[in-house]
Amino acid sequence: MKILFVASECVPFCKTGGLADVVGTLPAELRKRRHDVRVILPKYKTIRSQEFGIKETGESIQIPMGQRVEKADIRVAKTDKGVKVYFVNHDGFFGRAGLYRTFTGDYADNGERFAFFSRAVFETCKAMEFRPDIISCHDWQTGLVPAYLKTVYREDAFFQHTSTVMTIHNMAYQGIFPKTLLPQIGLGWEEFTIDKLEYYDQINYLKAGLTYSTLLSTVSPTYSHQIQNSYEFGCGLEGTLRKRAGDLVGILNGLSPEEWTPEEDPFLPKTYTLDSLSTRKDCKAFLQRELKLPADPSVSLLAMVARLDRQKGIDLLIQNLQAILALNTQVVVLGQGDIFLQGVLEQFERIYPLAFRVRSDFNDPLAHHIYGGCDIFMMPSRFEPCGIGQLIAMRYGAVPVAANTGGLRDTITPVGRNSGTGFLFEAGHAPSFLGAIQEALRLFSDKESWALLQRRAMSTDFSWDVSAQTYLHLFWRALGRGTKTRASTKRIS
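Residues numbered from 1 in each chain as written. Predicted model: local features only at pLDDT ≥ 70, side-chain atom pairs only at ≥ 80, totals over all residues. Heavy atoms only, no water.

K.L.:
What is the right way to look at the confidence of the model for the chain in this model?
P.N.:
Predicted coordinates in areas of low pLDDT are best not read in detail. The predicted model of the chain has a mean per-residue pLDDT of 94, with 97% of residues at 70 or higher. Across residues 484–493, where pLDDT falls below 50, the model places 21 contacts with residues more than four positions away in sequence or in other chains. (pLDDT = per-residue confidence, 0-100. Contact = heavy atoms within 4.5 Å.)

Pasting the structure below:
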C-alpha cells in the first residue's frame, strides 16, 4: 500500500505537541510492515536543511490562490528510519519564526497558508510521481485535503484510486475562517452549506475534513465517544461526528521505544530496568540537585510536563498547590504557555524556594530527567484526547495521577489491591485531584507496595504494534470504500 501522511508538524523536524510525535513515529512503524509510506510537511524557517540533510529536488509547483498564482519548490529528506519526507518550500507562507503564531496571536493568514499547503500536497504527488492509495490527514491544517480530492481533483486520473482518512488529535482546534476566503482557496460556493464547509456563517477546515474524508479516526477509544456526545468535547462538531459514527474509530497512540526507554536513555545519569529499579533513586537525587531542591529521598517528588493551559489543568494544580506542598512534597512544573499562569507559578516558587520549581525554558534533557526522577506524574487535564505524558511516565516508573478522561482513562488502570498502574480522579474537580494526590502519597509511604506499583506501570506495553495494525485495517477499509480498484500491494525494500 502507498500511504502519504500529511501534517503540519512531525518530529524531529518541527513540533508543538503530540501530533508531531505520532507523525514522526507511526509512518516508520508502517514502513516496517513493508508499505511505501511518505510524509509531506511545510518547510518552516525553523527546519534547518543542513541538520536534517534536506535536499532540493529541482521540482517546483504552482498553486492558484484566487487571482494570483503562488509558486513553491519541493525538497526532500529521509528520517533515520528511512521514511521519505517531502517539504513544501514557500518563504512567504512558511519562512516565519513560528509554525502557527507569534506570542501575540495566530498568523492572520493561516487560512491561506494551510489551504495553499493542502493543494500543494496533490501537486507534489504529481511532481514526484507518487500515487498514494491513502492520504492520511491530521488535524485542521490538513482538513481541506479531503475536500480538494472530492472537488478540485475529482476528475484527475492521477488520484482516481486515492482515499482519505482524517485523524483528529484535538477537537478544540478547528481552523475557522471568514467565508470571504472561499474564492481565494479555490472552492465554489456550492460547498458552503451546513452539511459541508459552513459553520456559523464561516468556513471550518476541520469540519471539511470530517465531511469529505472517506473514514475518520481519533487518538483514543474514549475520546472518540466523548466528541460525539457533548459540546464540551465535540466543540460544536458533535452533530457532524454523530452522523459519521460508523466511520469513526478511536486508536490509541503508541510510544517510540527508541526515544523513551530508561534502559538506554542517554540523558539519565544512570539507566535502569525493572530488575534494577533501586537505581532510580540516583536519577531522583540528580533531578533534585539540578533544580536546587534538597536531595531528600524520603520526600515525594511530583511533576508536570505540560503546556501551561487551562485545558491541561494548570489552574487546578494552582488551586491545590499550597495543600500539596504541605504534605512533605516537592513539585516541579515544566512547560510554556499562558503568561498569567506562568507568573502565578513563578510567585509560588518565590514563596516556596525549597519545595517548588517552574521551568518554562523547555528543553528535552530536563523532560527526560523529570520522567526518570519524579515519583508522581500529574496530568489534571480537563480533556485529553490521548496523552503521551502518562505513557512515558509509566515506562519510566513514575506513577501517574490523572483525570479520568479520554486517553488517560484508556491507558491507566486504577490502583486496587495488588493491581493497577495509577490513580484517576474526576476531571476538572480540584478536590478530587487533591484526594488522588493524598491517596498516592499514602501508598508512597509503603515502599514495598510502591515498588510493585512502579513495576506494574513499567511492564505495560505501549508500543505501536497493535495501534499500527489497527491503522492498516482502517486504511484497507477506506480503500474498499473509496476506490474503484484495490490498491497496489507492491512492497518496498
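K.L.:
What am I meant to see in unusual backbone geometry here?
P.N.:
Outside of glycine, negative phi angles account for most residues, and trans bonds account for most peptide bonds. Across the junction of Val-11 and Pro-12, the peptide omega takes the value 5°, indicating a cis bond. For Pro-12, the position within the fold is in the loop between β1 (2–6) and α1 (18–32). The residue Tyr-200 is not glycine, and still its phi comes out positive at about 50°. Looking at the secondary structure, you find Tyr-200 in the loop between β11 (198–199) and β12 (202–204). Phi angles above zero are rare outside glycine, and Asp-201 is one such case at about 65°. By the element assignment, Asp-201 lies in the loop between β11 and β12. You can call Asp-201 partly exposed: its relative accessible area is 41%. (Helix = DSSP H or I, 4+ residues; strand = E, 2+ residues; numbered from the N terminus. Buried < 20%, exposed > 50% of the residue type's maximum accessible area, 1.4 Å probe, protein only.)

K.L.:
Looking at this model, I keep getting lost on the side chain of His-35. Mind explaining?
P.N.:
Among the secondary structure elements, His-35 is positioned in the loop between α1 and β2 (36–42). A polar side-chain atom of His-35 sits 3.3 Å from the main-chain amide nitrogen of Met-1. (Polar contact = N/O pair within 3.5 Å; in protein donor to acceptor, adjacent residues only side chain to side chain.)

K.L.:
Explanation requested: the packing of helix α11 (residues 314–325) against helix α12 (residues 339–351) in the structure shown.
P.N.:
Relative placement of two packed helices is described by the angle separating their axes and the distance separating the axes. The geometry of α11 relative to α12 is characterised by a closest axis approach of 11 Å and an angle of 20° between their N-to-C directions. Of the possible angle classes, the one that applies to α11 and α12 is roughly parallel. With respect to the hand of their crossing, α11 and α12 are arranged in left-handed fashion. Packed against α11, whose contacting residues are Ile-314, Ile-318, Leu-321 and Gln-322, the element α12 presents Leu-341, Val-344, Leu-345 and Phe-348 at the interface. Its residues assigned to classes, the contact of α11 with α12 comprises 7 nonpolar, 1 polar and no charged. (Axes fitted to C-alpha atoms, helices over the stretch in contact; angles between N-to-C directions. Parallel < 35°, antiparallel > 145°, perpendicular 65-115°, else oblique. Left-handed = near helix turned anticlockwise from the far one by under 90°. Nonpolar A, V, L, I, M, F, W, Y, C, P; charged D, E, K, R; others polar.)

K.L.:
Looking at this structure, I do not really get the layout of surface pockets. What am I missing?
P.N.:
Summary: where empty space remains is shown by rolling a probe the size of a single water molecule over the atoms. Of the volumes computed, that of the second largest pocket is approximately 360 Å³. Leu-277, Lys-281, Asp-375, Trp-450 and Gln-454 are, among the 15 residues lining the second largest pocket, the residues nearest its centre. For the lining of the second largest pocket, the secondary structure elements donating two or more residues are α10 (280–290) and α17 (447–459). Top element by residues in the lining of the second largest pocket is α17. It accounts for 5 residues. Taken together, the residues that form the lining of the second largest pocket break down as 5 nonpolar, 3 polar and 7 charged. (1 Å grid on protein atoms, 1.4 Å probe; cavity = no way out; pocket = protein on both sides within 12 Å on 5 of 7 lines; lining within 4 Å. Points joined across faces, edges and corners; volume = space filled by probe spheres on them.)

K.L.:
What is the right way to read the pattern of salt bridges from this model?
P.N.:
Close approach of charged atoms allows side chains with opposite charge to pair. Enumeration over the complete set of coordinates arrives at 25 salt bridges. Close ionic contact of Glu-51 with Arg-48 constitutes a salt bridge, the shortest N to O distance being 2.6 Å. Judged by its relative accessible area of 46%, Glu-51 is partly exposed. Glu-70 serves as the salt-bridge partner of Arg-68, at 2.5 Å between the closest nitrogen and oxygen. On the accessibility criterion, Arg-68 (32% relative accessible area) is partly exposed. Relative accessible area serves as the criterion here: at 16%, Glu-70 is assigned to the buried category. (Salt bridge = Lys/Arg side-chain N within 4 Å of Asp/Glu carboxyl O.)

K.L.:
What is the right way to look at the sheet that holds β2 in this model?
P.N.:
The pairing of strands in a sheet happens through backbone hydrogen bonds and is either parallel or antiparallel. Read from one edge to the other, the open sheet built from 9 strands follows the order β3-β4-β5-β2-β1-β8-β9-β13-β14, with strand pairing classed as mixed. At either margin of the open sheet sits one strand with a lone partner, and together these are β3 (55–65) and β14 (248–250). Neighbour-to-neighbour, the strand axes of this sheet turn through a mean angle of 25°, independent of strand direction. Judged from the 3 bridges that link them, strand β13 (residues 215–218) and β14 form a sheet pairing that is parallel. (Pairing = 2+ DSSP bridges.)

K.L.:
Please explain helix α16 (residues 430–444) as it appears in this structure.
P.N.:
Along an α-helix, residues three or four apart share an orientation, since each turn contains 3.6 residues. If you check α16, its first and last C-alpha atoms are 21 Å apart, about what 15 residues at 1.5 Å a residue would give, namely 21 Å. Inspection of α16 places Ala-430, Phe-433, Leu-434, Ala-436, Ile-437, Ala-440, Leu-441 and Phe-444 among the buried residues, and these make up the whole buried set. Taken end-on, α16 shows its buried residues confined to a sector of 160°, consistent with a single buried face. Counted as exposed and oriented over 90 degrees from the buried face of α16: Pro-431 and Arg-442. (Expected span 1.5 Å × (residues − 1). Arc of directions from axis to C-beta.)

K.L.:
Help me out: how do you make sense of the sheet that holds strand β18 (residues 376–379) in this one?
P.N.:
With parallel pairing, the 6 strands of this open sheet are ordered in space as β17-β16-β15-β18-β19-β20. Each edge of the open sheet is held by one strand with a lone partner, namely β17 (356–359) and β20 (423–425). Across the sheet, the axes of successive neighbouring strands diverge by a mean angle of 20°, strand direction being ignored. With 2 bridges joining them, strand β15 (residues 300–305) and β18 adopt parallel strand pairing. Its bridge partner lying in β18, Ala-303 is registered against Phe-377. The strands touched by α16 are β15, β16 (329–334), β18, β19 (399–403) and β20; relative to β20, the strand with the most contacts, the crossing angle is about 165°.

K.L.:
How do you make sense of the pairing of β15 when you look at a structure like this?
P.N.:
Regular strands have side chains that alternate between both faces of the sheet. A large share of β15 lies buried, amounting to 6 of its 6 residues. Burial along β15 is two-sided: the face carrying Ser-300, Leu-302 and Met-304 and the face carrying Leu-301, Ala-303 and Val-305 are both buried. Two elements, β15 and β16, share 6 bridges in a ladder whose sense is parallel. Note that in β16 the partner of Ala-303 across the bridge is Val-332. Handedness of the crossover is the feature at issue here: the chain leaves β15, passes through α11, returns alongside β16, and the resulting connection is right-handed. (Right-handed = clockwise from strand over helix to strand, strands pointing away.)

K.L.:
Whenever I open this one, the packing of aromatic side chains confuses me. Can you help?
P.N.:
To describe a pair of aromatic rings, one takes the distance between the centres and the angle between the planes. Across all of its chains, the model carries 29 aromatic pairs by this definition. When the centroid spacing of 6.0 Å and the interplanar angle of 50° are considered together, the rings of Tyr-100 and Phe-114 count as tilted. Of this pair, Tyr-100 sits in the loop between α3 (91–94) and β6 (101–102) while Phe-114 sits in helix α4 (residues 110–127), placing them 14 residues apart in sequence. Judged by relative accessible area, which is 13%, Tyr-100 ranks as buried. Here the aromatic rings of Tyr-199 and Tyr-200 are separated by 4.9 Å at their centres, their planes lie at 85°, and the arrangement is edge-to-face. (Phe/Tyr/Trp six-rings, centres within 6.5 Å; stacked < 30°, edge-to-face > 60°.)

K.L.:
I would appreciate a short explanation of the environment of Leu-424 in the present structure.
P.N.:
The topology assignment puts Leu-424 in strand β20. For Leu-424 and Ser-163, which are 261 residues apart along the polypeptide, the C-alpha to C-alpha distance reads 39 Å. Apart from the residues within four sequence positions on either side, Leu-424 is in contact with Ala-402, Ala-403, Asn-404, Leu-408, Arg-409, Ile-412 and Pro-414.

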